[in-house]
Amino acid sequence: VSARQLTVQMMQNPQILAALQERLDGLNGSPSGYMESLPKVVKRRVNALKNLQVKCAHIEAKFYEEVHELERKYAALYQPLFDKRSDIVKAAYEPTDEECEWKADEEEELTDEMKEKAKLEEEKKDEEKEDPKGIPEFWLTVFKNVDLLSDMLQEHDEPILKHLQDIKVKFSDPGQPMSFTLEFHFEPNDFFTNTMLTKTYKMRSEPDENDPFSFDGPEIMSCTGCTIDWTKGKNVTLKTIKKKQKHKGRGTVRTVTKTVPNDSFFNFFTPPEVPENGELDEDSEAILAADFEIGHFIRERIVPRAVLYFTGEAIEDDDDDVSVGI
């Protein structure tokens, strides 16, 4: 039984809940109640500690700024490897035998006879079908393997995502406000004329003056998408519906055609805009919260470890580590 399941079972037990409540009732009221009970001189000293805590939050903000600089530095070191990955996926480069050598886990090791048999079967399969180029449907498979992304996918999105050749992360330049951009690179296709779709996330890495103690590292504040230049009749983010309309005076019925929004992964590139005052309605807030989580997940997990999401090996690791932090 996992710790999580155990906790759920315990919290459903009325006796355990009653005992917990009794313990809580025995504590000295709420934290504010306890503070009120302290002598004035002690309260003054606690205020001094809180001022120190605010200074700690500002130092922590500087720490995260340096982390961002390090991420930028190492992104440049990773990029040649990611470029080679992209070249292999889209068949711009054929890896050598040496590069394709991969030692299987010990339990997977086969006898020479079994290896030979497997090799012959593979060769026979290859002869039967056309020689595929690169790694077909690489990114589409990655998306389908990750719940967070597959939940956004619709059937009509899949033929388009077969043309996705690479996803890159670009960090903001030194001295610029903290942000990162996801670049989705597509091969020429019948759906839109763009070769690249972008999504930029602006981040804040300083404590909020009104609530400095809530600071817990950089947080995404807003995001902007891009315009997709759809080929006529191919826009999957819209659908046409027919509606019957009754004429009030004459009583005749006519059919009108109406274009309405349609569920699609490509709505990811038109997120709700955050107004100047920062106030959003509940729906927009929920959409943006999910959007920020997806953007962060693509940047932190998908792009650096794409092959492991393609094979499914990374999925087990994520199941063990449910939380996603920035």
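Residues numbered from 1 in each chain as written. Predicted model: local features only at pLDDT ≥ 70, side-chain atom pairs only at ≥ 80, totals over all residues. Heavy atoms only, no water.

- Looking at an unreviewed UniProt entry, one finds the chain named Nucleosome assembly protein 1-like 1 and attributed to Oreochromis niloticus.
- Database annotation for the chain, UniProt heading Subcellular location (unreviewed entry): "Nucleus".
- Here the chain is described in UniProt, under the heading Sequence similarities (unreviewed entry), as follows: "Belongs to the nucleosome assembly protein (NAP) family." (UniProt positions renumbered as here; feature names shortened; annotations may be inferred.)

1. Regarding the overall build of the chain
Working step 1: Each helix and strand in the chain was counted, giving 12 helices and 6 strands.
Working step 2: When burial is assessed residue by residue, the chain has 28% of its 326 residues classed as buried.
Working step 3: Carbon and sulfur atoms provide 51% of the accessible area of the chain, an area that totals close to 23500 Å². (Helix = DSSP H or I, 4+ residues; strand = E, 2+ residues; numbered from the N terminus. Buried < 20%, exposed > 50% of the residue type's maximum accessible area, 1.4 Å probe, protein only. Areas by Shrake-Rupley, 256 points an atom, 1.4 Å probe, with all protein chains shown as cover.)

2. A few points about the layout of surface pockets
Working step 1: Taken as a whole, the largest pocket holds about 1000 Å³ of empty space.
Working step 2: Lining the largest pocket are 32 residues; nearest its centre among them are R85, I88, E99, I135 and V307.
Working step 3: Of all the secondary structure elements, the ones that give two or more residues to the lining of the largest pocket are α4 (40-89), α5 (97-100) and α11 (306-311).
Working step 4: Considering every element that reaches the lining of the largest pocket, the biggest residue donor is α4, with 6 residues.
Working step 5: For the lining of the largest pocket, a count of residues per class yields 19 nonpolar, 2 polar and 11 charged. (1 Å grid on protein atoms, 1.4 Å probe; cavity = no way out; pocket = protein on both sides within 12 Å on 5 of 7 lines; lining within 4 Å. Points joined across faces, edges and corners; volume = space filled by probe spheres on them. Nonpolar A, V, L, I, M, F, W, Y, C, P; charged D, E, K, R; others polar.)

3. A short note on a nonpolar patch on the surface
Working step 1: Together, L70, Y74, L77 and Y78 line one region of the surface with nonpolar side chains, adding up to about 430 Å² of accessible area.
Working step 2: Look at L77 and you get exposed, because its relative accessible area is 53%. (Patch = residues over 30% accessible without salt bridge, like charges linked within 9 Å, V, L, I, M, F, W, Y side chains within 5 Å. Salt bridge = Lys/Arg side-chain N within 4 Å of Asp/Glu carboxyl O.)

4. Brief notes about the nonpolar core
Across soluble globular proteins, nonpolar side chains have a tendency to be buried as a group.
Working step 1: In terms of nonpolar packing, the biggest core is built from 48 residues, with F143, F184, F265, F266, F268 and I298 touching the most fellow members.
Working step 2: Per-element tally for this core: the top contributor is helix α10 (residues 282-302), with 6 residues.
Working step 3: With residues up to four places along the chain from it excluded, the contact list for F184 reads F143, L164, D166, I167, T195, M196, L197, F265, F268, F269 and I298. (Core = buried A, V, L, I, M, F, W, Y, C linked by side-chain atoms within 4.5 Å. Contact = heavy atoms within 4.5 Å.)

5. A few points about the pattern of salt bridges
Working step 1: In total, this model carries 12 salt bridges according to the counting rule given.
Working step 2: Measuring nitrogen to oxygen at the nearest pair gives 4.0 Å for the salt bridge that ties K43 to E36.
Working step 3: On the accessibility criterion, K43 (26% relative accessible area) is partly exposed.
Working step 4: Taking relative accessible area as the criterion, E36 reaches 60% and is therefore assigned exposed.
Working step 5: Of the charged contacts, one joins E300 and R299 as a salt bridge, the two residues approaching to 3.3 Å between their closest N and O atoms.
Working step 6: Each of the salt bridges in this network shares a partner with another, and the network as a whole consists of E71, R299 and E300.

6. Things to note about the packing of aromatic side chains
Working step 1: Taken as a whole and judged by the stated rule, the model has 22 aromatic pairs.
Working step 2: Each ring, one from Y64 and one from F215, has its centre 6.2 Å from the other, and the planes form 75°; the classification is edge-to-face. One end of the pair, Y64, is in helix α4; the other, F215, is in the loop between β3 (196-204) and β4 (219-224), with 151 residues separating them in the sequence. Pair check on accessibility: Y64 and F215 agree, each one buried.
Working step 3: Their ring planes at 45° and their centres at 6.3 Å tell us that F186 and F266 sit as a pair that is tilted. Taken together, the residues span a long stretch of sequence, with F186 in strand β2 (residues 179-186) and F266 in the loop between β6 (253-261) and α10 at a distance of 80 residues. In this pair, the class of F186 matches that of F266, namely buried. (Phe/Tyr/Trp six-rings, centres within 6.5 Å; stacked < 30°, edge-to-face > 60°.)

7. Digging into the sheet that holds strand β1 (residues 164-171)
Working step 1: With antiparallel pairing, the 4 strands of this open sheet are ordered in space as β1-β2-β3-β4. Strands at the two margins of the open sheet, each flanked by one partner only, are β1 and β4. Direction aside, the axes of adjacent strands within the sheet are offset by 20° on average.
Working step 2: As defined by bridge partners, β3 adjoins β4 across 5 bridges and the pair is classed as antiparallel. What sits directly across from K202, in β4, is S222.
Working step 3: The strands touched by helix α7 (residues 138-145) are β1 and β2; relative to β1, the strand with the most contacts, the crossing angle is about 70°. (Pairing = 2+ DSSP bridges. Axes fitted to C-alpha atoms, helices over the stretch in contact; angles between N-to-C directions.)

8. Observations concerning a negative patch on the surface
Working step 1: On the surface, a cluster of negative charge is made up of D281, E282, D283 and E285.
Working step 2: Tracing the sequence through the fold places D281 in the loop between β6 and α10. (Lys, Arg positive; Asp, Glu negative; His and termini not counted. Charge placed at Lys NZ, Arg CZ, Asp CG, Glu CD.)

9. Focus on the pairing of β2
Working step 1: Counting buried positions along β2 yields 7 of 8 residues, so the element is predominantly enclosed.
Working step 2: Judged from the 7 bridges that link them, β2 and β3 form a sheet pairing that is antiparallel. Within β3, the position partnered with S179 by the bridge is K202.

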